[in-house]
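Survey of secondary and tertiary structure
Here's the letter readout for the chains.
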Number of protein chains: 2
Amino acid sequence: MKEEIKQQAAAILESDRLAVTRGITRIENEREGWDDLLSSLYPHTGKAYRIGVTGPPGAGKSTITQKLIGYYREKGKKVAVIAVDPTSPFTGGAILGDRVRMQSESMNEGVFIRSMATRGSLGGLNTKAQDVADLLDAAGFDIVIMETVGVGQSELDVANAADTTVVVLVPESGDSIQAMKSGLMEIADLFVMNKSDRDGADQAVSALKTILTMRITHAEGEWYPDVIRTVGTSGEGIDTLAERVEGHYQFMLQHNFFEPRRAHREKERVRELTEALLHRSFWTEKRNELLEEMVPRIVARDISPQQAARSLAADDITISS
Amino acid sequence: MKEEIKQQAAAILESDRLAVTRGITRIENEREGWDDLLSSLYPHTGKAYRIGVTGPPGAGKSTITQKLIGYYREKGKKVAVIAVDPTSPFTGGAILGDRVRMQSESMNEGVFIRSMATRGSLGGLNTKAQDVADLLDAAGFDIVIMETVGVGQSELDVANAADTTVVVLVPESGDSIQAMKSGLMEIADLFVMNKSDRDGADQAVSALKTILTMRITHAEGEWYPDVIRTVGTSGEGIDTLAERVEGHYQFMLQHNFFEPRRAHREKERVRELTEALLHRSFWTEKRNELLEEMVPRIVARDISPQQAARSLAADDITISS
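Residues numbered from 1 in each chain as written. Chains lettered and ligands numbered in written order. Predicted model: local features only at pLDDT ≥ 70, side-chain atom pairs only at ≥ 80, totals over all residues. Heavy atoms only, no water.

Here we come to the pattern of salt bridges. According to the stated counting rule, one finds 42 salt bridges over all chains in the structure shown. Residue A:Asp35 is joined to B:Arg310 by a salt bridge in which the shortest nitrogen-to-oxygen separation is 2.7 Å. Linking A:Asp35 in helix α3 (residues 34-41) with B:Arg310 in helix α13 (residues 305-313), this pair reaches from one chain into another. Where B:Glu32 meets B:Lys2, a salt bridge forms, and the shortest distance between an N and an O atom there is 3.3 Å. One end of the pair, B:Glu32, is in the loop between α2 (17-28) and α3 (34-41); the other, B:Lys2, is in the segment before α1 (3-13), and 30 residues separate them in sequence. (Salt bridge = Lys/Arg side-chain N within 4 Å of Asp/Glu carboxyl O. Helix = DSSP H or I, 4+ residues; strand = E, 2+ residues; numbered from the N terminus.)

Now the structure itself:
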């Protein structure tokens, strides 16, 4: 391993802030040695507790996250936040706005906030977020919050890569119904009904609870998701939320549920990493040229995209028309 | 090629409705012969005009699509719709609702509507949608509308795989600003301000136009996106929209802009198809077992995910710890 990487790893383990920032950039851009860096940090991971926060745009995830930061800081914990900003045209901007407001927090020692954009990297986003979480874990942060907008499967996967996944909903939008329809329930360890001082909060909460009882059989020795009412702006309910997160943590420990979760997570992650490596070695200059040569023939309908792909994958330079 | 596939292809070219439905299912599920089917249909594609319709949830895309169907039916055109329903928990449900309403249309001969779910297939969605569009093209549909919710990059790619891409916005939500922030402008050939009978429509339209002038230099011989006001429910503005789509078509023809667009599209598609084939041949039972064996060692932090991936990709059975 290069000396530079060794030194960067050592500095990160001493939670050198600059080294942490540069290390994350190295990982995000996959600059030389990024995987060696992660490999050398990996043995030092496993101490941080990872909390996923997801929900629809405008549910107040960033406010909840901010208040959670405050809660854990009071307890003397070091908190890092990975904010995944989807480039979805209809949510991106809003989130970035919250982010700016939140940056103020990271002036605070013991708090570290980093945004990750999803553009182009939807496939690998889940892996990258976990890589960054590993780095922050090794750097000695006690709590790593992974905040995403639940607009796409990949964002949900990120939240689901946490030890405890919190889904934030709001009364008005009937999100709870939508959430149930589309398998979000499977990833939620805790539900937060935010802005619960608004009209319709009671109905929304009881609607959500009804659907939960319909969908999840409350079996002995299995976790059953709570619904916590919060008012993010005032901080009402945040302590309860944090206590329930702790409660979920204790429950998972008691029942040894973390290990299977992590096993599944790491398996998918290795799968993604492996395929990324395969692509890199496959798309040689020669193969890219071959692809370029095929395109006009495809446009001319001389060969089909499927035939082109097959001969590329088979590394068969002669293309049967 | 198998006789069954030959027969299915022949029936599709005669626009046999049942064959079309079954062919699409074969492609979606990648059932045996799906790529041969596409290859044999491919030479017969290129006649259909492909219109992409995207925008935020609730902008009224389905209503616009329905009205466009009506418009083209009156002109005696055969219309097919590929509706990509993202599984995003906060949009999926609503779209499916629209879909149900829209199904009534497909009772009509000369109209064909098919939904595609994005769950799990985000990576390949773009390719799959193009495959289905090719089939419908070969089956003799004059117009293929690809409708998606612009919540993720992949959905935008689908819309962008069309000859003309229409972005539907609404006055209230300030979508236009968000759209601009996040590169949606690059894919929009035409903007529709739907529900433009509502308050704030004038401001929204002029705001959008202002941003357009700021972002796009109206160069000679380059396309400049129009903003068309519609009221989907009443059908107001739909004829204008359809005329502008035709106008964009004529413009692209004049300037030979379709070929480079298609070339780029096919290149990305072949890339995706090739990688899918690589994955299939790579993940042999043996390699999957190897991955399974590695997982406990990763969880135990004996090896890192990066090391595991590297040795899998290198097909190196002995893992250096």
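On we go from here.
Counting buried residues in α3(A) gives six out of eight residues, a clear majority hidden from the surface. If you check which residues of α3(A) are buried, you get A:Trp34, A:Asp35, A:Leu37, A:Leu38, A:Ser39 and A:Leu41. (Buried < 20%, exposed > 50% of the residue type's maximum accessible area, 1.4 Å probe, protein only.)

If you walk through the whole model with that rule in mind, you get two cavities of 30 Å³ or more. Of the volumes computed, that of the second largest cavity is approximately 70 Å³. Lining the second largest cavity are A:Gln306, A:Ala309, B:Glu30, B:Trp34, B:Asp35, B:Leu273, B:Ala276, B:Leu277 and B:Arg280. When contributions to the lining of the second largest cavity are tallied by element, the ones reaching two or more residues are α13 (305-313) of chain A together with α3 and α11 (258-282) of chain B. When residues in the lining of the second largest cavity are grouped by element, the largest group, four residues, is from α11(B). Grouping the amino acids of the lining of the second largest cavity by side-chain chemistry returns five nonpolar, one polar and three charged. (1 Å grid on protein atoms, 1.4 Å probe; cavity = no way out; pocket = protein on both sides within 12 Å on 5 of 7 lines; lining within 4 Å. Points joined across faces, edges and corners; volume = space filled by probe spheres on them. Nonpolar A, V, L, I, M, F, W, Y, C, P; charged D, E, K, R; others polar.)

Right, let's get into the pairing of strand β4 (residues 143-148) of chain B. Where a strand is regular, its side chains alternate between the two sheet faces. Residues and elements named next belong to chain B. With six of its six residues buried, β4 lies for the most part within the structure. Burial of β4 is two-sided: the residues Ile 143, Ile 145 and Glu 147 facing one way and the residues Val 144, Met 146 and Thr 148 facing the other way are all buried. In the sheet, strand β1 (residues 49-54) pairs with β4 via five bridges, with the strands oriented parallel. Each residue of the ladder has a partner; that of Arg 50, found in β4, is Val 144. (Pairing = 2+ DSSP bridges.)

Our next topic: the packing of helix α12 (residues 285-299) of chain B against α13(B). Residues and elements named next belong to chain B. Two numbers describe how α12 lies on α13: the axes approach to 10 Å, and their chain directions differ by 160°. Relative to α13, the element α12 is oriented roughly antiparallel. α12 and α13 meet at a crossing whose hand is right-handed. Seen from α12, the contacting residues are Arg 287, Leu 290, Leu 291, Met 294 and Ile 298; seen from α13, they are Pro 305, Ala 308, Ser 311 and Leu 312. Class assignment of the residues belonging to the contact of α12 with α13 gives a composition of seven nonpolar, one polar and one charged. (Axes fitted to C-alpha atoms, helices over the stretch in contact; angles between N-to-C directions. Parallel < 35°, antiparallel > 145°, perpendicular 65-115°, else oblique. Left-handed = near helix turned anticlockwise from the far one by under 90°. Contact = heavy atoms within 4.5 Å.)

The next point concerns the domain arrangement of chain A. Residues and elements named next belong to chain A. The domains assigned to chain A are domain 1 (1-40) and domain 2 (45-256). Domain 1 puts 15 residues into the contact, and the matching count from domain 2 is 17 residues. The largest per-residue losses of area from domain 1 upon contact with domain 2 belong to Arg 17, Ile 24 and Glu 28, which jointly make up 45% of the total buried on that side. The interface formed by domain 1 and domain 2 holds two salt bridges in total. Note that Glu 30 and Lys 128 form a salt bridge whose closest N and O atoms lie 2.9 Å from each other. Along the contact surface separating domain 1 from domain 2 lie six residue pairs in polar contact (both at pLDDT 80 or more). When residues of the side of domain 1 that touches domain 2 are traced back to their parent elements, those giving at least two are α1 (3-13), α2 (17-28) and α3. Sorting elements by how many residues they give to the side of domain 1 that touches domain 2 places α2 first, with eight residues. (Domains from an automatic or database assignment. Buried area = accessible area lost by both parts, 1.4 Å probe. Polar contact = N/O pair within 3.5 Å; in protein donor to acceptor, adjacent residues only side chain to side chain.)

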